[in-house]
Amino acid sequence: MTTGSTVTDQTALLSGAPKLQARNSAAFWTATGVSRGHEVMRRRGFLAVDGDERAGTRILIQEPDLAPGEVSEVSELVRGAAGSVTVEDPFSSTDLGHLGMRTWQMPVMLRLPGPVAAPALEVTRVQRPEDLRAAEQVVIEGFDLDGFQPHRPGELFPTSLVEQPGVDVFIASIDGALAGAGLSVLADGVASHYWIATSSAFRSRGVGRAVMLGALAHVTDLPATLTASKLGRPLYESLGYAVAAPSTWWATPAADA
């Protein structure tokens, strides 16, 4: 591939990255909702997973042009939710200011297909239930998911989650101890990554990088997207991700991003 065609491909993919991320995030939360036994609601402009009081409700905007009726339905879901609510809008086009939620932005990022270096740590794909439980605890700790405390094994990551098509959990180890974890979703020819977390006992030891490299090694022939936190963005840029667009998030108090 020539340099010119690479730039053209990146430009085209960057412009479409919000929709790619929207679709992948919908696949991720559909798999999560189904594995937890929660109701999954699909509309033209959004997808919602109506969870319980601890898990909360996740609403994923799927189109940049929600109809007034769809905005009204989203509003009713927010008002009637049993727990906290998080709304993810990768297009930054739906105004939910009337609901009084806190709001912030994080960038949607895109990586073109291409090889990656081998991780410096041992990274494995989760297959055993005990490894999934350990990964679950690392993510709860790493993201301060207070809604899942006290810990109930299998609540955040049910065993059936890794049986959902395209869903994999990866763990990184240091001297045999679990140091980090992350989740990868492959859907419609696009890979994306979620819940990349490091145990507090292993911070600043390249764990997040190792998890990402281990996950990316399985999808080097595909474009990859993600939504980056402020702290995570430098890592992702060093792995070849480029900022595509701002994603706007809305949340009720105590909601976990």
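Procedures and definitions
- Residues numbered from 1 in each chain as written.
- Predicted model: local features only at pLDDT ≥ 70, side-chain atom pairs only at ≥ 80, totals over all residues.
- Heavy atoms only, no water.
- Pairing = 2+ DSSP bridges.
- Helix = DSSP H or I, 4+ residues; strand = E, 2+ residues; numbered from the N terminus.
- Axes fitted to C-alpha atoms, helices over the stretch in contact; angles between N-to-C directions.
- Phe/Tyr/Trp six-rings, centres within 6.5 Å; stacked < 30°, edge-to-face > 60°.
- Buried < 20%, exposed > 50% of the residue type's maximum accessible area, 1.4 Å probe, protein only.
- Core = buried A, V, L, I, M, F, W, Y, C linked by side-chain atoms within 4.5 Å.
- Contact = heavy atoms within 4.5 Å.

A word on the sheet that holds strand 3 (residues 57-61)
Next, step 1: The strand order across the open sheet built from eleven strands is 1-2-3-4-11-5-10-9-8-7-6, with neighbouring strands paired in mixed fashion. One side of each edge strand has no neighbouring strand; the edge strands of this open sheet are strand 1 (39-42) and strand 6 (122-125). Along the sheet, successive strands turn relative to each other by an average axial angle of 20 degrees, direction set aside.
Next, step 2: Pairing analysis gives four bridges linking strand 4 (residues 85-89) to strand 11 (residues 242-251), with the strands arranged antiparallel. Bridge pairing in strand 11 places T86 opposite A251.

Structural notes on the packing of aromatic side chains
Next, step 1: One pass over the structure, following the stated rule, counts five aromatic pairs.
Next, step 2: Seen in terms of ring centroids, F28 and W29 are 4.9 Å apart; in terms of plane orientation they differ by 55 degrees. Their pairing is tilted.
Next, step 3: Assessed through its relative accessible area of 2%, F28 is described here as buried.
Next, step 4: For W29, a relative accessible area of 8% puts it in the buried group.

Considering the nonpolar core
Next, step 1: Core analysis: the biggest nonpolar cluster contains 28 residues, and F28, V139, L145, L156, F157, L183 and W195 have the highest contact counts within it.
Next, step 2: Mapped onto this core, the elements with two or more residues apiece are helix 1 (3-36), strand 2 (46-50), helix 3 (129-142), strand 7 (167-174), strand 8 (177-187) and strand 9 (190-198).
Next, step 3: Among the elements that make up this core, the one with the highest residue count is helix 3 (five residues).
Next, step 4: With near-sequence residues (within four places) excluded, W195 lies in contact with F28, W29, V139, F143, L145, F157, A181, G182 and L183.
Next, step 5: Counting residues in each nonpolar core, the second largest holds 23 residues, with V207, L216, Y236 and L239 among its members.

Details of the environment of G51
Next, step 1: Assignment of secondary structure puts G51 in the loop between strand 2 and strand 3.
Next, step 2: Note: C-alpha distance between G51 and G83 (32 residues apart in sequence) is 7.5 Å.
Next, step 3: Ignoring anything within four residues of it in the chain, the contact list for G51 reads H38, G56, T57 and A82.

Things to note about the pairing of strand 5 (residues 102-111)
Next, step 1: Examined bridge by bridge, strand 5 and strand 11 share nine bridges and lie antiparallel to one another. Bridge pairing in strand 11 links P107 to P246.
Next, step 2: Alignment of strand 5 against strand 10 (residues 224-227), held across four bridges, turns out to be antiparallel. From the neighbouring strand, L110 faces strand 10, where its bridge partner is T225.

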